[in-house]
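# Summary of the model geometry
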Amino acid sequence: SGAAVYVNGVEVARDNLPAGPLTPDTYAAGPISTADRHVPVSFAIPSSAFVAGTNTIAVEVHLNSRNQTAAGFDLALTGQP
């Protein structure tokens, strides 16, 4: 699977996805090995992506083929001073 992360509607990170615009027909760049499926992927998101008050974080998940039967993810956000 591949994922694109958005903050307030702006893409801020991407993993295992091709460059360029993403569409519903975009597949992940390749499969993730069984050993790597539980390895966390971390992104540093600049504080400038956030606004005072409420922010929206969205994740778009793409399968690596039409035959992939399932995908999932966990999300955690940690702030640093």
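Predicted model, so just to flag it, every value in this text is computed and none were measured.

Rules behind the numbers
Residues numbered from 1 in each chain as written. Predicted model: local features only at pLDDT ≥ 70, side-chain atom pairs only at ≥ 80, totals over all residues. Heavy atoms only, no water. Helix = DSSP H or I, 4+ residues; strand = E, 2+ residues; numbered from the N terminus. Buried < 20%, exposed > 50% of the residue type's maximum accessible area, 1.4 Å probe, protein only. Polar contact = N/O pair within 3.5 Å; in protein donor to acceptor, adjacent residues only side chain to side chain. Contact = heavy atoms within 4.5 Å. Salt bridge = Lys/Arg side-chain N within 4 Å of Asp/Glu carboxyl O. Pairing = 2+ DSSP bridges. Axes fitted to C-alpha atoms, helices over the stretch in contact; angles between N-to-C directions.

### Digging into the side chain of H62
With respect to the element layout, H62 can be found in strand β3 (residues 57–62). Residue class for H62 comes out buried when judged on its relative accessible area of 6%. Within the structure, H62 has its side chain in polar contact with the backbone oxygen of T26 (distance 2.8 Å). A polar contact of 2.6 Å, which involves the side chain of H62, links it to the side chain of E60. If sequence neighbours within four positions are ignored, H62 has contacts with S1, G2, L17, L22, T23, T26 and A28.

### A word on the pattern of salt bridges
Counted under the stated rule, the structure contains 1 salt bridge. The closest approach of N and O atoms between E11 and R14, which form a salt bridge, is 2.7 Å. E11 sits in the partly exposed class, given a relative accessible area of 32%.

### Some remarks on the sheet that holds strand β1 (residues 2–7)
Taken in spatial order, the 3 strands line up as β2-β1-β3 in an open sheet, and their pairing is antiparallel. The sheet terminates laterally at β2 (10–15) and β3, the two strands that pair on one side only. Each neighbouring strand pair of the sheet contributes to a mean axis angle of 20°, computed without reference to strand direction. Sheet topology note: the β1/β3 ladder contains 6 bridges and is antiparallel. Counterpart to V7 in the pairing with β3 is I57.

No statement about biological role is implied by the geometric values presented.
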